[in-house]
Each structure stands twice: as C-alpha cells, then as structure tokens.
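# Coordinates in review
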Amino acid sequence: MKTTLALVAALLSLTLVTGPAGAQGKPELTVALSSFSTEVLDPVLGGHIVKYYLSLMFDYLVGVTPDGQPSKDGGLATRWEPSQDHRRWTFHLRRGVKFHTGEEVTAEDVKFSLQRAIGKRSTTGYAGPLRTLIQDIETPAPDRVVIVTKEPTLIIPTYLSRSLSTEGMILPKKYLEANGDDVFARKPVGSGPYRFVEQVTGSHIKLTAVDSHWRIGAPKYKTVTFKLVPEETTRVALLRRGEVDIADVSRDRVAELEREGFPIHMRREEAVLTMWWILPRDNQPTKDKRVREALNLAVDRSELAQSIFAGKAEPAFVPMGLSWSYRDLGFKVTPEMHYPYDPARAKALLAEAGYGGGFSMDVYAYQLPGLPEGRAFAEAMAGYWQKIGVKIKLIPVDYPAFRKNWFDRATPGAVGYYNIANRDWIGTYALIEKMAYSKSKASDVVNDPEIDGMLEQVPRQTDKEKIGVLMRNVYTRLRSEHYGVPVVYLHSPYAASKKLGKWTIGTVMYDFFIDELASSK
Amino acid sequence: MPAESTVPDALAPPFPALGAAPPLGRGRRLPFLSLTIIGGFVLVALLADVLSPADPEAQSLRARFTPPVWDARGTWAHVLGTDRLGRDLLARVIWGARVSLMAGVLTVLLASAFGAAVGLVAGYYRGRVDAALMRVTDATMSFPVILLALILAVTVGPSFTNVVIAIAVILWARYARVVRGQVLTLMELDFITQARIAGASAWRIITRHLLPNTLNTLVVLITLQIGYVIIVEASLSFLGAGIPPPTPAWGSMIAEGRDFVTSAWWVSFFPGLAILLVVLAFNLLGDWLRDTLDPKLRQL
Amino acid sequence: MLRFVLARLVQSLAALAILTVVVFVLARATGDPLQLILPMSASEEDYANARQYLGLDRSYVEQYLSFVGKALTGDFGNSLRARRPVIELIRDRLPNSLKLAAFAMTVSLLMAFPLGVLAAVRKGTAIDRAAQVIAVLGQSLPTFWVAIVLIEVVAGRLQWLPAAGSERLASYVLPGFTLGWFVVAGMMRLLRSGMLEVLDSEYVKLARVKGVAEHRVVWLHALKNALIPVVTFAGIYFSILVTTAIVVETVFAWPGLGRLAYEAITSRDFPVIQAVVLTTAAIVALVNLSVDCLYAFIDPRIRYAG
C-alpha cells in the first residue's frame, strides 16, 4: 500500500514539473494531420493522400512548382522532350543524385520504379490509365529514359510529376531487389531531402534530414515529424502549446485562430464540392433534365458558403468544374452559367416534369478528409430540397460503404458527393475520365455519349488548342445538362505556429510543399 | 412434513418484494432529487409535442449559432440558442429527451429480459445447458460493445434501432451472469426442493419462484444501466455510429457541438447538461435502490 | 487445484473459440475492403487481382480455417490496409493500451479509495451522498466531452499539460484521468458496500472491543477485506477501460488498441478486426482466470462450487 502510494506520488510529481514544451529555435518541424489515409510508406500501395510525407522522402521524375506546374528544377529530370509523333518521351536525368543508401540514381531505377508503379500490385490513382498507355520503357544511357506510348499523348510528364499521384516517385532498384517489398514498405529508401526514421502506426511518422540535397540545400530542420491527430480540439491545443508547427484546421476555427495571431495558410479553391446521382438514370426522376436543373436551383450556394463553410468557400456552378484548369483550357464560367437561388422556379420545373407532388430521394451523408462539415452539409442540402417538395431520406454511412453502392449501382438515383481536389488541365482530364466517361467505368456518374466521344479524343490529341476546345465542350455540356450539383469551391485552412517562417503552401494536391520551409537555398 | 397437501405457492419464501422493502430509516430516505429529475425528464419526453417551441429539425442557416436569450445577441425566438444548422436547441433538447430516454430504457429492457431468461434457464438446468450458455455469455462479455456497434453501423448504417440492438446484444450477458448466480444459490434452498417434490413444473418454478427472487437485483441493475446506455450511445455518436442526425439525440448533439466548445459553447452544453442530470439521477437512484433492496449486490 | 485451473482454462478457451466464429462473420459483414484500397479507376481485373493477392478470393470456410490455424501460432495474417503483419500492429499498440489502462486504474483507485471509505464510514450523511455524487459524476458525462473540455482548458488555455501523445509521463495525466474517472463510480460502489459489510461483521466488532483505534479498524481491517470484490471485477474493469478507450484514444491521439480497432473497422481490415477483438478478449479472459484461480487458492470451497 505504502509503496503504491509512493509510486503514485512520484508519478504525479514528475508530471507536474513538466511544463509546456519550449518551442524556441527548435531544429524540428512537426505537422499534425487529421488523417493519414492508409499510412503505407510504399508509394505504389498508397494512392495520393499520403504524399505529405512521401514527397520529402522521394524525388519525382518530374518536379513541379508550388502551384503544380511541371518544372525542370524540382524533379530528377532536368529536361524532357517528345518525339515528333508524341509517342516517345525522352527524360534527361540529373546527375549525381544519390539514394539514402549511397547509390546513385540511374535510368535503371527510373525504369524499375515506373514498371513497379504500373504493375499489378500497384494501387495508385493512375496506375490503370498509365498501364494502358505505356508500351515500353527504354534506358539508352544511365542518364536517359525513354517512355514509349501506344498512342500519341501529351499527358506523360504531368502523370509522372509531383502534381498528381505517386507513380512518378523514383525508388532504389537494388535495395528493393535485395530486400524485397516487405522490408521496403517498413524501411523505405528514397533520394529525397529527408530519410525515413520510424513509423508508429496510428501515431506518427518521423523523418530526418540528409546533409545536403539538390532540391533544398542543407535542410533547415533536422527532423520532420508527421503526427496523426484526428480530433480538431487536440490539434489546436497542440498548436497553442507550440508542440506542433503546422496543423490542418476546420474552416469554422479560422476566425478564432486568426484572432489569437496564428498565421493561416489558405489553399484557395483546394477542392470543388460536387454532388451527383448514382446511375443508372432510367426510371429515375433525375432522368429528366428539368428535375436536375430544379435540384440545382433549389440550393442557396452563397448562404451555404457563408454558413456551413464559415465564409471560406465560393459558389460553384459547373459539375466537376476544376477551376485550376480553366485558364489553361481557356474556359470561362459565364454569368449565364450561374445557378441563381430560385426555389419558385425549381418548383415550377418539377411541376413541368410531372413531379409537382414531389418525389423521394435518398441522400448519403458522410464525412471525408478535408470535409469535416460532411454530414452537416448533407443535412443542409436535404433542407433545401425539402423546401421544394422533394422528400429526402438522409442515409448516414461512411465513405467506403457509399463508394460500394455507387460503383455497384445498387441504389440508382441516390445522391453522394466528394470534395474533388482541384488540379490543372491534365489532372482534370484524369478526373473527368474517371467520373464522366461511361465505357466500362463503375465510377461514371454522367453516362452521356456526346461527352464520351469528346473524352476519347483528348489523350490522343497532341494539339493543345484542340484539347482546349474538347475540354471546354465537355465542361459546357456537363453544365448545360446539369450532370450533378456543383456546390462550392472549398478553401482549406492550415494553421501555422507563430514562429514558422515564410511558407508558400502551394497548390499541389495532398502535398504541402514543405520544400520551401526547409530550404536553405 | 405434509408434502402432498401443500400447494407450491404456499411455500413461497420470505423474499423482500419491492413493496416490502425494509422500513425507511436513516439513510433510506427516498432520493427525492433523483426522482424529481427523472420524473421531470420523463414528462418532458412524453409531452415533447406540446412543450417544444419549434420543429426540432427545421433549419435556418441564417440563424445558425444564435446564442441563448440572455446573451446580448440572443433572441426569445431561440431561448437556448441554435446549432450549426440554425435549429432550435431548446426544441432539440426537449425532443432529445424522448429519443435518448427511449434508447436507454428500451435497450436495458431488451437486454435484461433476454439476459434474465438465459440466467434462469442456465441456473435452473445446470450441467451442460449451464456450461454452454455460460460460454456464450463469456464470449459476449468479452466483445467490446462499442466495437460491435461500430461494426453494425458500417454494415447496415447507424440508426436508432441498430444502436439499441448493438448495445442490448452485448449488455444481456451481464444480466445473465448475475441472475444465474442468484438462481444457483436459490436452487440450494429448501423451498425450491419442496416445490419440485410437490411436482411443480420447470416453467412454474422458474416464473413463480426463481424470477421473483431475482427481481430486486434486476431492478437495481436496470436502473444503474439506463445511464450507462445513454452514455454509450453518446460515445457512439462521437465515433459516427450513434443515433444519426437530424434525429435529435443528446449524444449526437454533443458530438456535433464539440468543435464549437469555444466559439458556440451552448451547442454542446445544454444537451450535455441534460445527459449529466439524467444519468446522474439514474445512477443515484440505482445506488439508493441497491442500498435498499439488495445491499449485497456486487456489480459495477 | 490443478483440475480447477484446467477446467477454467478449458472454459475460457471455449468462449474464445465461439468468439472466433462471431468475429470472423462480423468482420466480413462490414463490407468490401477493396473500396478503400483500390483507386476509382480500378478495373474488374484489378479487383480480381487484388482479391487474389490479399487472399480474399478463397471460400469463407477456407479463410476461417486459415485464420484459426494461423492464430493458434500467434499469426493473425497481414493487415489489408497497412500491408504489414497484424501482429506488428498489435505489438505497436498493445503496450500503449496497457499503460493507459494501468494509469487509469491507478487514478480511479486513488479516487475511489477515499470516497468509498468515507461514504461507508459516514453512511447516510451528507458526506456519503457527496462522495457518491463525485464518483458518479465521472460516469454521467460522455468521456469525449470531458476529454475535449480538459484539452481545451488544461492543455490549450492554461498550458499545464500536454494535449496528446504518449511519449512523456505528463501525457498520461489527461487521458488517464478522463478514463479513470469514468470507472470510479463502479469501484467506489464496490468499496463502499464491501466496507459496510465488513464494518458490520463480528470480527471488526471484536477488533473494536479489543480497543483497536477506530482509524486502524477502518484502514487496516475493513479495507483489506473490502478490497476483495474490487479485485474480483478486475477483468470487467479492464474490458470497460478498453471499450471506453476507443473514444479517449481518438481525442488524445493515443496510439492504442481501441484506435486500431476503429481504424480497422472503418477500413474493413478483417484480419486486424479479428486480431484486436481476440486479443482483448484473451486478456480479459486471462485476468478473470487469474482472479478465479487466486480465489480458489485462498478459499478451497470455490473449487467445487463451479
């Protein structure tokens, strides 16, 4: 009894002397994230949400600027050029880049990595399309790689760059062949500015700096730690205590943190929140274009942006309208494309379509990474639609359950949504090809032969002007046919500690561009 | 002993029935406060239609996060303020009483009925029946209730019914264990032996002799666990597996309001207060009942 | 004695065997893990590939037999999500869970002791009632709300204690207190009623008659005996702690088993769901078994009572 008490007293006294952690001039950077996705360290098993830490450990074949444009400075390829027929892409590799094992990065590593990325085991976002497209990978010299495609194409550099998924990450062939996939997945080796130290699943991933790196010089932080902290209050408390330097926060929390003087780095229009109906449309009220328009007109997008999204969002009017591609493609959202908030007209349209008495519609409600407002948002949408006489049944699920229903087409006519990460035109094509191309795609939500026809031409087209025309027409038709309910562009806030230096958070999806923060260049 | 002439009923033991509790002496005063709180909330739950000032599911995004009336920005239109969708909190707390109390009471009644039945059968028949039933009970007890509810929620989607089922499916095992224990002791007593000699059927012995003697314990356990169930439901809401909105359940209201504890404290505070009062009252009433009816009961 | 231990062991194993079937079926009822693993653009072929690669194309009977067969050797297969042996994940998380549970247990004992003793000694007075209210309060609020308020106030505003993590001892205080307070009521109840009984017993009366000082009677004689029921319920305490811990671990970003279970269920990671449930159940069974054996050793009558 006495010993127990003594022990407990000792424990308590220990805990009391430990004050808040001092954050003064610390050589470490700590990032708290609400979600780690799959927590897999092997780039081909992850899919793109894990780029936050992977992009520090690995180099991409093609680098990007902070705003996601392919760049000759950020990647292993210092330049690249297509053949006349756009079927052979030659990449010239940076010399003298070394893996953390000390081996030099060669064309063989690039070939090995790309083959692995499009291999059967790969679960990355674009492994499928790349597998279909790539015919061969040649290594004419240690510093040269040629990618031969089955069709002429413009998309190769972007698909293998840091702006999309993880297919372009270059891994050490020898290390992998000597140690196997399982060892690599636990102790990954790359050529990036930070080396892997440890991973405690469900808790953190810790990296340590290499002495010097071509991307950023001698890294400013000795260690970078990514902490998994699911609860918002906890992330904010960690930030206030100086235990964390960067944290993703909810839009609702921004005003409070700004008042306290924490810098908020806002990724403007990071995602477009779009709703759609599960196919097929036959026998569904939404088969009628007027019904789809009515459901669009019933929503007060400005009110939603101001309330549910705390003013950190802008109304969106084009289904899957990824605005970062607009400039490249020469697309403009004209005032006529705006959906006014017009419940009266919505009701009239429903009546015209023969649904004056309303109809029933299921709406799935779920949270998503980057969308903590998920369920509240679904409730709010249900509220708008109920006002025009549509009877809404909210079905709370989690995303995997919804995705299964969506892909299996188990519940035609039911509504789901996603905060689709914004991206440039090639990325946009990659996304729209998934969600609006009907051929053999479970993920299609559009099923329109006209759009199919246009999308089929895009990857084969090598004339940028013509691609622009095609994609503009795709957007226009998505909008005019009301294929979905575009709701808002979401701005995503990331709070930083007051001591954090200048930082351009960039616009690369699922990546923070910590490069600039850690750079001594 | 005039065995043949005695009807089994006459052999009923001197168990302290509910009405025949020991005289209320010192420390046995009725827990007026608990009874008032519980009675009050039961009334609110029953009269929710009449008492509620508004439709608990009616949204008004423009009026979101209106503070309570005593705040400078508050209005009499929303006495306790509104939540993130602009729904009236008072209305939701009132309707929430119905939902949360129903969830608590239904779950516990289901669990206790099933658990008591299993316990009675196992204790009465003993031997292999007992062994088999007790292994199932053990297996059930070692399955974390929240995990089962989570699995159900991702399998068939969270709903009022699923929450009740998920918790009851685990909770019954506690009743089964306690009841079986008591029955084993009762079976050793003379009056049961005599009833058997007198030719009473198993059904009769179980329902007339064993069950009444376990009622005190059951009542205590039921009272203590209503609160526990309400809290478990709230935890499930936090994990996204509780009674889902827009249904006003206290648990999901707190879970929704948790991100606004600093910016809009009232959203989670009022449902939190309601849960606190009700669960506290049930727990204290349960403690009192135990002191009164079954002082030797060893249960958490 | 040996026969009793063996019999109890067989009983526990039987319960675990039942559980393997239940958890196997329940895990598979959660849906399709590939929805989280494969990208949107995956083809039918990709799905078939992945199924084969992950061993999900085998019949349920085959999967079950392989699961049980391997589990007997301590191998729970590979996590579908993390693509690592499940046993590694358990090894990462279990110690954290046990440490948190131990700390919470200490906290609740520290609170329950004085409250339980005070309530029993001052039975029926305002002190008794106050002690009961303090104990029961912890059980009357959702743990996540207590946790969030504590983090906001104690960690975020006052900055006295860390808000998350498990590296430092100070990190244990808030989650340990949140979790510990939740079970104080149960423990205090047991102590109080145990104390009341013992204080009323012949042998304490005898001690009083013999002139043993009252505080000695209470603290030494009575408490020693009143502790027994608390020990009896150690298994149940543990399972309550683990269950409640899912919530506490989420709020405090504590990498324990509960959080692992939550992640496994939301990502339909069958092998991990199975492993976590069985591990927890095995530990609870082990605690119960030890308690029973301890009792049987102390009190031989129990050996024959079944």
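Residues numbered from 1 in each chain as written. Chains lettered and ligands numbered in written order. Predicted model: local features only at pLDDT ≥ 70, side-chain atom pairs only at ≥ 80, totals over all residues. Heavy atoms only, no water.

## Section: the overall build of chain B
The following threshold applies: We count a stretch as a helix when DSSP gives it H or I for four or more residues in a row; a strand needs E for two or more, and each element gets its number in order from the N terminus. Buried residues are those whose accessible area, probed at 1.4 Å on protein chains only, stays under 20% of the maximum for their type, while exposed residues exceed 50% and partly exposed ones sit between those limits. Contacts are assigned to residue pairs with any non-hydrogen atoms lying within 4.5 Å of each other. A 1.4 Å probe and the Shrake-Rupley method give the accessible areas. Residues count as covered only by the protein chains that appear here.
In terms of helices and strands, chain B carries ten helices and zero strands. Counting helices and strands in the order they occur from the N terminus, chain B gives α-α-α-α-α-α-α-α-α-α. Counting every position in chain B, which comprises 300 residues, the buried fraction comes to 59%. If you take every contact in chain B between residues at least 6 apart in sequence, the share linking residues at least 24 apart comes to 74%. Counting only carbon and sulfur atoms, one obtains 67% of the accessible surface of chain B, whose full area is about 11900 Å².

## Observations concerning the overall build of chain A
The following threshold applies: Each radius of gyration is computed over the set of C-alpha atoms, and the globule rule expresses the reference value as 2.2 Å times the number of residues to the power 0.38. A residue counts as positive if it is Lys or Arg and as negative if it is Asp or Glu; His and the chain ends are not included. Taken as the charge location is NZ of Lys, CZ of Arg, CG of Asp or CD of Glu.
Counting its secondary structure elements, chain A contains 19 helices and 17 strands. Rg of the C-alpha trace for chain A: 25 Å, near the compact-globule value of 24 Å for 521 residues, within the 12% margin. Along the longest, intermediate and shortest principal axes, the C-alpha atoms of chain A span 75 × 70 × 40 Å. The burial tally for chain A puts 64% of its 521 residues in the buried class. Excluding contacts between residues fewer than 6 apart, the proportion of contacts in chain A whose partners are at least 24 apart in sequence is 72%. Looking at charge distribution, chain A has the averaged site of its 68 positive side-chain charges lying 2 Å from that of its 61 negative ones.

## Section: the interface of chain A and chain C
Keep this limit in mind: A simple way to read buried area is as the amount of 1.4 Å-probe accessible surface that goes missing from two parts once joined, with both sides added. Definition used for salt bridges: Asp or Glu carboxyl oxygen within 4 Å of a side-chain nitrogen of Lys or Arg. Nitrogen and oxygen atoms within 3.5 Å of one another constitute a polar contact, given that in protein one can donate a hydrogen and the other can accept it, and given that sequence-neighbouring residues count only through two side-chain atoms. Asp, Glu, Lys and Arg are counted as charged, while Ala, Val, Leu, Ile, Met, Phe, Trp, Tyr, Cys and Pro are counted as nonpolar; the rest, among them Gly, fall into the polar class.
Contact with chain A, which involves 55 residues of that partner, is made by 51 residues of chain C. For the pair chain A and chain C, the two sides together bury roughly 4600 Å², of which 56% comes from carbon and sulfur. Among the residues chain A hides against chain C, the three largest losses belong to Thr201(A), Arg241(A) and Arg403(A). Together they make up 12% of the total. On inspection of chain A and its partner chain C, the count reaches nine salt bridges. Arg253(A) serves as the salt-bridge partner of Glu152(C), at 4.0 Å between the closest nitrogen and oxygen. Here chain A and chain C share 16 residue pairs in polar contact (both at pLDDT 80 or more) between them. Among the elements of the structure, α1 (2-17), α5 (127-133), β8 (194-200), β10 (223-228), α8 (232-240), α15 (399-408) and α16 (425-435) of chain A are those that each provide at least two residues to the side of chain A that touches chain C. When residues of the side of chain A that touches chain C are assigned to their parent elements, the largest contribution, seven residues, is made by α15(A). Its residues assigned to classes, the side of chain A that touches chain C shows 21 nonpolar, 16 polar and 18 charged.

## Describing the pairing of strand β7 (residues 144-149) of chain A
All names here are of chain A. Heads up, the condition is: Two strands qualify as a pair provided that DSSP identifies no fewer than 2 bridges between them.
Along β7, five of the six residues are buried, which leaves the element largely enclosed by surrounding structure. The pairing of strand β6 (residues 134-141) with β7 spans five bridges and is antiparallel. Note that in β7 the partner of Glu138 across the bridge is Val146. Following β6, the chain reverses through two residues before pairing antiparallel with β7.

## Some remarks on the packing of aromatic side chains
Put simply, the rule reads: We call Phe, Tyr and Trp rings a pair once their centres come within 6.5 Å, taking the six-membered ring for Trp, and we label the pair stacked below 30 degrees between planes, edge-to-face above 60, and tilted otherwise. Only when the NZ atom of a Lys or the CZ atom of an Arg is both within 6 Å of the ring centre and within 35 degrees of the ring normal do we say a charge sits over the ring.
By the definition in use, this model includes 43 aromatic pairs over all chains. Residues Tyr366(A) and Tyr399(A) carry aromatic rings whose centres are separated by 5.9 Å and whose planes lie at 50° to one another, so their mutual orientation is tilted. Residue Tyr366(A) is found in the loop between β14 (360-365) and α14 (374-387), and its partner Tyr399(A) is found in helix α15; the two are separated by 33 residues along the sequence. Across the pair, Tyr399(A) and Tyr366(A) agree in class, each one buried. Measuring from ring centre to ring centre gives 5.6 Å for Phe177(C) and Trp181(C), while their planes differ by 25°; the resulting arrangement is stacked. Of this pair, Phe177(C) and Trp181(C) both sit in helix α8 (residues 173-199), separated by four residues, roughly a single helical turn. Residue Trp181(C) is classed as buried on the basis of its relative accessible area, which comes to 15%. Sitting over the ring of Trp80(A), Lys72(A) keeps its end group 5.1 Å from the ring centre.

## Remarks on the domain arrangement of chain A
All names here are of chain A. Definition in use: Domain delimitation follows an automatic or database domain assignment.
The domains assigned to chain A are domain 1 (31-187 + 497-518) and domain 2 (268-492). Computed from C-alpha coordinates alone, the two centres of domain 1 and domain 2 are separated by 31 Å. Opposite the 16 residues of domain 1 that make contact, domain 2 presents 17 residues. Buried surface at the junction of domain 1 and domain 2, summed over both partners, amounts to about 1600 Å²; 63% is from carbon and sulfur atoms. Summed over the shared surface of domain 1 and domain 2, the number is one salt bridge. Between Arg460 and Glu151 there is a salt bridge, with the nearest N and O atoms lying 3.5 Å from each other. For the pair domain 1 and domain 2, the interface holds two residue pairs in polar contact (both at pLDDT 80 or more). Counted by class, the side of domain 1 that touches domain 2 contains eight nonpolar, seven polar and one charged residues.

## Some words on unusual backbone geometry
All names here are of chain A. A cis amide bond links Leu279 with the next residue in sequence, Pro280, at an omega value of -5°. The residue Met320 is not glycine, and still its phi comes out positive at about 55°. The residue Met320 is located in the loop between β13 (313-315) and α12 (326-329) in this model. For Asn447, which is not a glycine, the phi torsion comes out positive at approximately 55°. Note that Asn447 resides in the loop between α16 and α17 (449-457). Judged by its relative accessible area of 41%, Asn447 falls in the partly exposed class.

## Topic: helix α7 (residues 190-197) of chain B
Residue and element names in this part refer to chain B. Going by this rule: Note that the arc is computed from the directions linking the helix axis to the C-beta atoms.
Of the residues making up α7, those classed as buried are Phe191, Ile192 and Ala195. Taken down its axis, α7 places every buried residue within 100° of arc, on the same side. For α7, exposure combined with an orientation more than 90 degrees from the buried face picks out Asp190 and Ile197. On its buried side, α7 packs onto α6 (160-187) and α8 (202-238).

## Topic: the nonpolar core
Put simply, the test is: Definition of nonpolar core: a set of buried residues of the types Ala, Val, Leu, Ile, Met, Phe, Trp, Tyr and Cys, connected through side-chain atoms within 4.5 Å.
Formed by 374 residues in total, the largest nonpolar core has its most connected members in Phe226(A) and Trp385(A). Ranked by residues supplied to this core, first place goes to α8(B) with 17 residues. No fewer than three residues from each of domain 1 (31-187 + 497-518) and domain 2 (268-492) of chain A sit in this core. Phe226(A) has contacts with Val31(A), Leu33(A), Phe36(A), Tyr52(A), Tyr53(A), Leu56(A), Ser203(A), His204(A), Ile205(A), Leu207(A) and Ile514(A), leaving out every residue within four places of it along the chain.

## Observations concerning a nonpolar patch on the surface
Where we set the bar: Grouping into patches uses exposed residues only, defined as over 30% relative accessible area, and leaves out salt-bridged ones; the cut-off is 9 Å for like charges and 5 Å for nonpolar side chains (Val, Leu, Ile, Met, Phe, Trp, Tyr).
On the surface, a cluster of nonpolar side chains totalling about 560 Å² of accessible area is made up of Val42(B), Leu43(B), Leu46(B), Leu47(B), Val50(B) and Leu51(B). Mapped onto the elements, Leu51(B) comes out in helix α2 (residues 48-51).

## A few points about the packing of helix α5 (residues 86-121) of chain C against helix α6 (residues 126-137) of chain C
Residues and elements named next belong to chain C. Stated precisely, the cut-off is as follows: Axes here refer to lines fitted to C-alpha atoms; in helices the fit is confined to the stretch in contact. Angles between the N-to-C directions go from 0 to 180 degrees. We call two directions roughly parallel when the angle between them is under 35 degrees, roughly antiparallel when it is over 145, roughly perpendicular when it lies between 65 and 115, and oblique otherwise. Should the near helix be turned counterclockwise from the far one by less than a right angle, the crossing is left-handed, whereas a clockwise turn marks it as right-handed.
Running from N to C, α5 and α6 point in directions that differ by 150°, and their axes come no closer than 8 Å. On the basis of their axis angle, the class for α5 and α6 is roughly antiparallel. As α5 runs across α6, the sense of the crossing is left-handed. Mapping the contact onto sequence places Leu115, Leu118 and Ala119 in α5 and Ile127, Asp128, Ala131, Ile134 and Ala135 in α6. Of the residues in the contact of α5 with α6, the class split is seven nonpolar, no polar and one charged.

## Re the interface of chain B and chain C
Listed per partner, the contact involves 51 residues of chain B and 55 residues of chain C. Contact between chain B and chain C buries roughly 4900 Å² in total, counting both sides, with carbon and sulfur atoms accounting for 73%. The interface formed by chain B and chain C contains two salt bridges. Salt-bridge contacts for Arg189(C) lead to Asp287(B); the nearest nitrogen and oxygen are separated by 2.5 Å. Joining chain B to chain C, the criterion identifies four residue pairs in polar contact (both at pLDDT 80 or more). For the side of chain B that touches chain C, the secondary structure elements donating two or more residues are α4 (127-141), α5 (145-156), α8, α9 (250-257) and α10 (266-293) of chain B. Broken down by element, the residue count for the side of chain B that touches chain C peaks at twelve residues, all from α10(B).

## Let's talk about the pattern of salt bridges
All names here are of chain A. Scanning the model with the defined rule gives 67 salt bridges over all chains in all. Of the charged contacts in the structure, one is a salt bridge between Arg235 and Asp248, with a shortest N-O distance of 3.3 Å. With Arg235 in helix α8 and Asp248 in strand β11 (residues 246-248), this residue pair connects regions lying 13 residues apart in the sequence.

## Looking at the sheet that holds β7(A)
All names here are of chain A. Reading across from one edge, β4-β5-β7-β6 is the order of the four strands in this open sheet, with antiparallel pairing throughout. Lying at the two open borders of the sheet, with one neighbouring strand each, are β4 (77-82) and β6. Put simply, the sheet's adjacent strands are angled 20° from each other on average, direction ignored. Here β4 pairs with strand β5 (residues 88-93) via five bridges, running antiparallel. The partner of Pro82 across the bridge, within β5, is Trp89. Sheet contacts for helix α4 (residues 107-117): β5, β6 and β7; angle to β6, the most-contacted strand, approximately 170°.

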